[in-house]
Amino acid sequence: MFFQKDIETMSRQELEDLQLKKLKHQVQYCMDNVPFYHERLTKAGVTADKIKTLSDIQYIPYTTKADIRDNYPYGLFAVPMKEIVRIHASSGTTGKPTVVGYTRHDLDIWSDTVARFCAAVGVNDEDVAQISFGYGLFTGALGLHYGLEKLGCSVIPISSGNTQKQAMILKDFGTTVLISTPSYAMYMSEVAHECGITNDDLKLRIGLFGSEGCTDALRDKIEKGFGLFSTDNYGMSELQGPGVSGECEYRCGLHFAEDHFLPEVINSETGEVLPRGEKGELVVTTLSKEGIPLLRYRTKDITRIHYEKCKCGRTHARMEKVQGRSDDMLKIRGVNVFPSQIESVMANIDGISPHYELILTRKNYTDYLEVRIEINDTHLLENFALLESKQKEAVDKLKTVLGIQAKVTLVAPHTIQRYEGKARRIIDKRSEAEA
Amino acid sequence: MTTQQLSIFLENKPGQLVRVTQTLKEAQIDIRAMSLADTKDFGIVRMIVSETDKAQEVMRENGFMSTITKVMCIAMDDHPGGLSKITELMAQADVNIDYLYACITEIGKNAYIVMHVDKEATAEKVLQEAGIKMVSTADIAKS
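Residues numbered from 1 in each chain as written. Chains lettered and ligands numbered in written order. Predicted model: local features only at pLDDT ≥ 70, side-chain atom pairs only at ≥ 80, totals over all residues.

1. So, the domain arrangement of chain B
Residue and element names in this part refer to chain B.
Point 1. Along its sequence, chain B is organised into domain 1 (3-70) and domain 2 (72-142).
Point 2. Measuring from the centre of the C-alpha atoms in domain 1 to the corresponding centre in domain 2 gives 22 Å.
Point 3. Opposite the 10 residues of domain 1 that make contact, domain 2 presents 12 residues.
Point 4. If you list the elements that add at least two residues to the side of domain 1 that touches domain 2, you get β1 (3-11) and β2 (31-38).
Point 5. Here the side of domain 1 that touches domain 2 is composed, by residue class, of two nonpolar, seven polar and one charged. (Domains from an automatic or database assignment. Contact = placed C-beta atoms within 7 Å. Helix = DSSP H or I, 4+ residues; strand = E, 2+ residues; numbered from the N terminus. Nonpolar A, V, L, I, M, F, W, Y, C, P; charged D, E, K, R; others polar.)

Have a look at this one:
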């Protein structure tokens, strides 16, 4: 299903012509309205007129998260505050949050792009959508909220938390679409089942999970747990929030809303633009933003982009599921490790739950990784050999995938923290003084 | 004839076992025999209790993971060579003992051996033929 079929399926040629036109306009708009860009672009000798083809984008300097922070809070806004009708901010784990503002037109485009990926998996005006993202400055909840309303769904803005009540509402309100982080969906299905709710009691059919990475293995577990079909979507508050890209029913990559966002992939160390199809850091230029337009924003997310037409008929490019933010990447004994790799190893071992925790410590200048996992199969208690072989299986599989030796600790069920929003599974104690 | 054994998963850290014993105490459940094996990180407590199902229920309520396993429980006289006779019979019948623990009810009189074997039917047969008495969960609950 399509929300804006003519746009989503337009030929590449038409689309790229449109992108070029909008890119030139966005560059001029930044030059005229944002002093920061006026200075940057002037220094780089870039004007809208000099952009003759899409590849001329390479002459525009990158924008980073630090640039947004340096202009905290409103320095990069391109319109006076009377034009801004909404403000969001990123969680900002370190330092000040990054603040973004939306004009009425920005909100309209935001809800269009959200409605696109929702419609792409079959969400329609008959659906009852339960939004279990936390409402607030975080873009996830309100982004999905207005997109789903635009599609005509009955939206339940329950927000996150109070999981037993979530389960009750899932059942009593006949929720058909669940919106949450993958880790919260996993937790909610556990709680629902503990409350005696079976999948037959539920009308759930679609999950729109986002705001944190989710491996295919974890997704399978959630889908089985709830008996639904789910898709992934992508976005970040700096660019707009959810809706920058999203999966269709074929789940072979996340389609960009390419008429509003122009993606590139670069080598994150050298900054050089990579040829189509290569893996690197995603860089996105907003093409329609009025509130806070960004030129070549470095997302720090590692992915690859495919430009072939999709089976669903969409022509808009697809990005591979993000393996991890370059920020999330852990360097353990010099080896690059993404938590998502660990998650997929764990989710493929029977008898343990998908909840896990990573603990990093340093002793004698060497890093140690401990992976704590919950056992959830009582059969393992029959004898020690079974428990030990489970532990060994986890150690061996981690070694194969990560190339480093990790310690695996089996812990009792329900002892690892559950999350109502983004999961925080990494405990890095390496900066603490050596004991 | 089999006996039910409750196995509980424990993390190997201070304060874990006391939660188990307190839980049983509060539920007024008596422990008849018990074994606690450990590795570096975790342990399994195995026990024969007066009310197995109730014990599992209270364990679940208190967040423990447990399972009920069928084991063989043998009543024997407490004298030198008592256990040896049983292990000899098992060896002759090519039965492997996965684990075994014992408890003495009164010194010089009765002892119970709890064991888990790979070939339960064979073990039961040779013990019966040798006139060795096995006890059920109900018997233990009474004793």
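Having seen the model, we can carry on.
2. A few points about the domain arrangement of chain A
Residues and elements named next belong to chain A.
Point 1. One can read the domain layout of chain A as domain 1 (1-323) and domain 2 (330-428).
Point 2. Summarising the inter-unit geometry, the C-alpha centres of domain 1 and domain 2 are found 30 Å apart.
Point 3. Listed per partner, the contact involves 17 residues of domain 1 and 13 residues of domain 2.
Point 4. If you list the elements that add at least two residues to the side of domain 1 that touches domain 2, you get α8 (182-194) and α9 (216-226).
Point 5. A total of four residues in the side of domain 1 that touches domain 2 trace back to one element, the largest contributor, which is α8.
Point 6. Class assignment for the residues of the side of domain 1 that touches domain 2 results in five nonpolar, 10 polar and two charged.

3. Quick notes on the interface of chain A and chain B
Accessible area lost during the coming together of the parts is what is often quoted as the interface size.
Point 1. Between chain A and chain B, the contact holds 15 residues from the first and 16 residues from the second.
Point 2. Residue composition of the side of chain A that touches chain B, grouped by class: eight nonpolar, five polar and two charged.

4. Some details on the pairing of strand β11 (residues 280-286) of chain A
Residue and element names in this part refer to chain A.
Point 1. Here β11 lies mainly inside the structure; seven of its seven residues are buried.
Point 2. Bridge analysis of β11 against strand β12 (residues 297-303) gives four bridges, and the strand direction is antiparallel. Residue pairing across strands places Val 284 opposite Tyr 297, the latter belonging to β12. (Buried ≥ 20, exposed ≤ 12 C-beta atoms within 10 Å, placed from the backbone. Pairing = 2+ DSSP bridges.)

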